[in-house]
Amino acid sequence: MEKENSTFLEKIRGFSKVLHQRTLFRTIGITYQVFWNLFLIFLVLICMMIFFAGGAAAGYFVSLVKDEPLLSEDEMRTAVYDYDETSQVFFANDVYLGELPSDIERHEVSLEDVSEHVIQAIIATEDEYFYEHEGIVPKAIMRAMFQEVANSSLQTGGSTLTQQLIKNQILTNEVSFDRKASEILFAMRLETYLEKDEILEAYLNIVPFGRNASGRQIAGIQAAAQGIFGVDASELSIPQAAYIAGLPQSPFGYTPFRNDGSIKDSIDPSINRMSTVLSRMYEAGYITEEERAEALAYDLEENFADFTPSPIEEYPYLTYEVLRRAIDVLSKQQMEEDGVDLSELDQEEQLEMRQRYQEMVSRDLRGNGYRIHTTVDKDIYLSMQESIQDDHLFGPNKEGKPEQVGAVLLENSTGAIKGFVGGRTEGSDDHYNRATQAYRPNASTMKPLVAYAPALEIGAVQPGIVIPDTIDHYPSGKEITNFDNQHLGLLSVRESVARSRNVPAVRAYRMVPFEQKRQTLLDLGFVLPSDAPYESSPLGTNDVTVEQNTNAYATFANGGTYVESYMIERIETADGELIYEHETETRDVFTPQTSYLMIDMMRDVLRGVGTASSLPSRLSFSADWAGKTGTSGENRDSWFVASNPNVTMSVWIGYDDQRHVIEGRTGPKTQQIWANLANAAYSVDPDLLAPSNRFEAPSGIVSRSICSLTGMLPSTACQEAGYVTTDLFNSKFLPSEEDGSLESTRYVTISGKNYIALDSTPSEFTEEGIKLSESFWDIDNIGQYLPDSMRNIVRDDEAPNNGRVPRDVENVRINGDELRWSVHSDNDIIGYRVYRAANGTTDFEAIANVVGNETTSYSISGNSNSYYVTAIDTAGRESARSSIAEGEDYVPEIIEEEEDEEEEQEEEESNNSSNERQNGNANANSNNNSNNGNRGNNNRNDNDEDEDED
């Protein structure tokens, strides 16, 4: 074989020599050699240029990326997976509420939960060599660079999915060679750290897809699937997947929705893009021709998702409240973890530190995909909003501003807020929460909190003990007034609570040391100025929120233990990691005994003479309610708050700019709103609103009879006067001594004031009463403030005596069926005697005693008699008779007498004039029973007139 090859080569060489010997072929050979050598030289030059260009390009590439830090695997993983995800909010029991407002809506999803059709469509369209390349496709890069250098109108792009991921998560969208070089470097590096499926999953979670059916910006395949077609990413069909896969090339050019959620007039661009995606899927062998045809016939618009309002649009009060509270709890938690102690900072530094952490947490909440679980029951919340949608419940709009409402329903034992009303405009752009953010005077609902309960706590008062409702003043001299501008006298604490009297509340407040009152309010969760509370604080002059007021009243229901209210139950990451959980905070404020006594007294607010006695009839269910009404000055704020063993709910109504609520009584209207809310919540959860159990008295609560005037064990005098009362007591403060400050006495009344009768005072002008040996309340003229049942209280003041016989009563006259006269001017007159002479006679007899110096009339029957009146003073002195008043039908007695007989009669009358008055007194005494009966009739008439006036 080798010999044959050698012979063949020899023949070739011989043939070549023959050709060279000929001139023509020799000339061609020389020319060929020249061109061959020139070609070789050119080829060498080209290679040198290529190597030089490559080296220059490599050097240029190195120069572009030399300052780019090389990220470690962990750093690159963190950067790639660091994408914003929308946080979600849940009602109680994990009922989905919605998403917190954010710049872009995104929900993380794992690759295994993504439809295979989406994966195929994305790869076929965006990176057909995804599973073959190492992060970049050189051919595609060269093509893109050539198009860039040539300024070609056709820009095909050269980025792989890996490069796009790097651009979105690590670099920026800047168009420069620096950024592109860094992108290539990081893409190749990322391919060494992550598996292909990890890169694909990250890409599907970060890529933008335009807008959803509600007009919000979306990113990530899960948000796109839900927002465009209303399905999860795992449920996307071939046409849906192809449509969505075409959007990333121009998210806002191809998106079918405007920013208000409406569909564009034409979605042809996105449909054409979908057609392109389907063609590439078919060419790649992912779908058949039949599937491609079916997908092209798919009715997109018919299957687009419906518009759904965002939580911020549907529940503005609730959404903003959740966001605000979540920021608060997480920022406090983060400061604690970072060792920040605000107490070491001045006020300005504290504010700056809080703002810094709140801003940081706010960004996290809006972009970290947290799951925020609340205590708010969805059905209760919605039913409460619905229950106030009646304009007749509220006053008129004033200058375009409606009367507003705030309400909170709180679970006593946990402090969980089950529902609230932030205002009447839920669903609008109004998110100012009147239940949690508005500070308003809480009026008389403050009385139990700062006056009565603290006084009970130290044993200064008990329910049955009297605190007078009489004229009193603040230290400034301003009078303490009641809502009706009247005083009801010696009221027990129980009745003062039920009737919501102001003066007794202020007097109870004064009994408690300042520091104890202040600490009580702070322990109840109120925010106070440094010098508060004030003497007017029992009347609700400090501003509070509805939530604070509700929380404070729940303390009574919890037996005196304050359980802080809350709305955020827990906060988790998207993968279920717990980052915050509410921990119950409690503190003891009142003893169980004080709390129960307060509860028992507030039960009376809803019955009898109570200011909310009509409320039970407004409810569709019954429960053991104890509550309190409140109306601030000039009707600017109206409140009602009540507790049962399970829940506490309070309601406030008023105008945001503090205009008057309405003219007239506001209580019934507020109570009707409260009842509507309670009925609405009851319709959802009867067991919560209407527990079968009642408030139970703790040990140490006993029922005892006391003298209500003094709070001591009843004396005989107190019993005889009818001031013994039986009521509940804290056994710790039971009286141990019998009251010795009271004694029976007879008294007279002059100008409405009671005085102890003199020894010489006629008994028919006195009444049996109780004398206080000393002043318990330091009240002058106490008698004028007392109801009829308490008119017999007497201070240790003896009746006045001017030492002279009263002058005659003036202006005695008959007017119809009444005998009338003028009030006597002396200061010691205790009453009047009325004398009558029958028709045709001149014999006068005393027929009535008119007790007191203010009543100056006496009822008579017929006009055939004559009358005169005398005045009686405290010493028993009687004035001379007044002028005689004769009835129209009176006929004097006619007697035929001789002149000497007339003279004799005149002399006799003169001699006996001094005896006539004594006879009159005797007659008066002999007719006491009859006179007392007449006086009783007169008193009954007076009472009837008083009732008519009331």
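Participant: Can you walk me through the overall build of the protein in this structure?
Facilitator: Broken down by element type, the protein carries 31 helices and 31 strands. Long-range contacts, defined here as pairs at least 24 residues apart, represent 69% of the contacts in the protein between residues at least 6 apart. When the accessible area of the protein is evaluated, it comes to approximately 46,300 Å², of which 47% is carbon and sulfur surface.

Participant: It is not clear to me how the state of the cysteines should be interpreted in this structure. Could you clarify?
Facilitator: Note: disulfide means a covalent bond formed between the sulfur atoms of two cysteine side chains. Counting across every chain of the model gives one disulfide. Between the sulfur of Cys707 and that of Cys718 lies a disulfide, 2.2 Å long from S to S. Taking the sign of the S-S torsion, about 95 degrees here, the bridge from Cys707 to Cys718 comes out right-handed. On the criterion of sequence distance, the pair formed by Cys707 in strand β19 (residues 701–707) and Cys718 in helix α28 (residues 716–721) is long-range, its members being 11 residues apart.

Participant: What's the story with the nonpolar core in this structure? I'm lost.
Facilitator: Across soluble globular proteins, nonpolar side chains have a tendency to be buried as a group. The biggest cluster of nonpolar side chains holds 103 residues, and the ones touching the most others in it are Leu318 and Trp674. Examining the composition of this core, we find that eight residues originate from one element, helix α16 (residues 316–337), more than from any other. Apart from residues no more than four positions distant in its own chain, Trp674 is found in contact with Leu615, Leu619, Trp625, Phe640, Ala642, Met649, Ser650 and Val651. Of all hydrophobic cores here, the second largest spans 62 residues; its members include Ala124, Ala187, Leu194 and Ile267.

Participant: In this structure, what is going on with a negative patch on the surface? I would like to understand it.
Facilitator: On the surface, Glu112, Asp113, Asp232 and Glu235 cluster together to form a negatively charged patch. On the secondary structure map, Glu112 appears in the loop between β2 (96–99) and α4 (116–126). A relative accessible area of 72% means that Glu112 is categorised as exposed.

Participant: In this structure, what is going on with the sheet that holds strand β23 (residues 767–772)? I would like to understand it.
Facilitator: One key point about sheets: their strands pair by backbone hydrogen bonds, in either a parallel or an antiparallel sense. Pairing is mixed in the open sheet, where four strands are placed in the order β22-β21-β23-β24. Whereas interior strands pair on both sides, the edge strands pair on one side only; in this sheet they are β22 (753–756) and β24 (793–794). Two strands pair when backbone bridges link them, and strand β21 (residues 742–750) and β22 are joined in this way by four bridges, in the antiparallel orientation. Bridge assignment links Val748 to a residue of β22, and that residue is Tyr755.

Participant: So what exactly am I meant to see when it comes to the pattern of salt bridges here?
Facilitator: Pairing between side chains of opposite charge can happen when the charged atoms of each approach one another. If you walk through the whole model with that rule in mind, you get 42 salt bridges. Between Arg636 and Glu634 there is a salt bridge, with the nearest N and O atoms lying 2.5 Å from each other. A relative accessible area of 26% means that Arg636 is categorised as partly exposed. The class for Glu634 is exposed, based on a relative accessible area of 51%. As a salt-bridge pair, Asp826 and Arg804 come within 3.4 Å of each other at their nearest N and O atoms. Remark: Arg804 occurs in the loop between β24 and β25 (813–815) and Asp826 occurs in the loop between β26 (818–820) and β27 (829–837); sequence separation between them is 22 residues. You can call Arg804 partly exposed: its relative accessible area is 47%. When salt bridges that share partners are traced, they join Arg494, Asp600, Arg603, Asp604, Arg607, Asp624, Arg694 and Asp727 into one network.

Participant: Mind showing me how you'd approach helix α19 (residues 447–457) here?
Facilitator: One full turn of an α-helix is made of 3.6 residues, so residues set three or four places apart face in the same direction. α19 sits mainly inside the fold: 10 of its 11 residues count as buried. Every buried residue belonging to α19 is among Lys447, Pro448, Leu449, Val450, Ala451, Tyr452, Ala453, Pro454, Ala455 and Leu456, and all of these are buried. Contacts from the buried residues of α19 go to α20 (493–499), α21 (502–510), α22 (514–523), α23 (546–557), α24 (592–603) and β16 (626–631). The first or second residue beyond α19 is Gly459, which carries a positive phi of 80 degrees.

Participant: Looking at this structure, how should I read the confidence of the model for the protein?
Facilitator: Any segment with low pLDDT has predicted coordinates that should not be analysed in fine detail. When the pLDDT values of the protein are averaged, the result is 83; 80% of them are 70 or greater. Contacts for the low-pLDDT stretch residues 53–67, under 50 throughout, to residues beyond four places or in other chains number 10 contacts. For the stretch residues 906–950, pLDDT sits under 50, and the model shows 32 contacts to residues farther than four places along the chain or on other chains.

Participant: Even after reading the chapter, I still don't get the packing of α16 against helix α17 (residues 347–367), so can you show me in this structure?
Facilitator: Angle between the axes and distance between the axes are the two parameters that describe a pair of packed helices. Between α16 and α17, the shortest axis-to-axis distance is 8 Å and the interhelical angle comes to 120 degrees. As α16 runs across α17, the sense of the crossing is right-handed. Where α16 abuts α17, its residues Leu323, Ala326, Ile327, Leu330, Ser331, Gln334 and Met335 lie against Met353, Tyr357, Gln358, Met360, Val361, Ser362, Leu365 and Arg366. For the contact of α16 with α17, the class distribution of residues is 10 nonpolar, four polar and one charged.

Participant: Whenever I open this one, the side chain of Thr573 confuses me. Can you help?
Facilitator: By the element assignment, Thr573 lies in the loop between β13 (568–572) and β14 (578–581). Note on Thr573: relative accessible area 15%, which makes it buried. Within polar-contact distance, the side chain of Thr573 engages the side chain of Asp575 at 2.3 Å. Excluding anything up to four places from it in sequence, Thr573 contacts Gly369, Tyr370, Arg371 and Ile579.

Participant: Would you explain the sheet that holds strand β29 (residues 857–859) in this entry?
Facilitator: One open sheet accounts for three strands, arranged β25-β26-β29; its pairing is antiparallel. Two strands close off the open sheet at either side, each with one partner strand: β25 and β29. Adjacent strand axes in the sheet meet at a mean angle of 25 degrees when their direction is disregarded. Sheet topology note: the β25/β26 ladder contains three bridges and is antiparallel.

Participant: Quick question: what am I supposed to make of the pairing of strand β6 (residues 404–411) here?
Facilitator: Within a regular strand, side chains alternate between the sheet's two faces. A large share of β6 lies buried, amounting to seven of its eight residues. Bridging between β6 and strand β18 (residues 647–654) involves eight bridges; their strand directions are antiparallel. Bridge pairing in β18 links Leu410 to Thr648. Bridge count for β6 against strand β7 (residues 417–421) is four bridges, and the pairing is antiparallel.

Participant: Sorry if this is basic, but what is going on with the environment of Ser72 here?
Facilitator: Relative to the assigned elements, Ser72 resides in the loop between α2 (23–65) and α3 (73–80). In this structure the C-alpha to C-alpha distance between Ser72 and Arg189, which are 117 residues apart in sequence, comes to 9.4 Å.

Participant: Looking at this structure, I do not really get the environment of Leu165. What am I missing?
Facilitator: With respect to the helices and strands, Leu165 occurs in helix α6 (residues 161–169). Take Leu165: its relative accessible area is 0%, and that puts it in the buried class. For the pair Leu165 and Val80, spaced 85 residues apart in sequence, the C-alpha separation works out to 7.3 Å. Among all residues touching Leu165, those that are not within four sequence positions of it are Val80, Ile170, Leu190, Ile199, Ala202, Tyr203 and Ile206.

Rules of the game
- Residues numbered from 1 in each chain as written.
- Predicted model: local features only at pLDDT ≥ 70, side-chain atom pairs only at ≥ 80, totals over all residues.
- Heavy atoms only, no water.
- Helix = DSSP H or I, 4+ residues; strand = E, 2+ residues; numbered from the N terminus.
- Contact = heavy atoms within 4.5 Å.
- Areas by Shrake-Rupley, 256 points an atom, 1.4 Å probe, with all protein chains shown as cover.
- Disulfide = S-S within 2.5 Å.
- Core = buried A, V, L, I, M, F, W, Y, C linked by side-chain atoms within 4.5 Å.
- Buried < 20%, exposed > 50% of the residue type's maximum accessible area, 1.4 Å probe, protein only.
- Patch = residues over 30% accessible without salt bridge, like charges linked within 9 Å, V, L, I, M, F, W, Y side chains within 5 Å.
- Salt bridge = Lys/Arg side-chain N within 4 Å of Asp/Glu carboxyl O.
- Lys, Arg positive; Asp, Glu negative; His and termini not counted.
- Charge placed at Lys NZ, Arg CZ, Asp CG, Glu CD.
- Pairing = 2+ DSSP bridges.
- pLDDT = per-residue confidence, 0-100.
- Axes fitted to C-alpha atoms, helices over the stretch in contact; angles between N-to-C directions.
- Left-handed = near helix turned anticlockwise from the far one by under 90°.
- Nonpolar A, V, L, I, M, F, W, Y, C, P; charged D, E, K, R; others polar.
- Polar contact = N/O pair within 3.5 Å; in protein donor to acceptor, adjacent residues only side chain to side chain.

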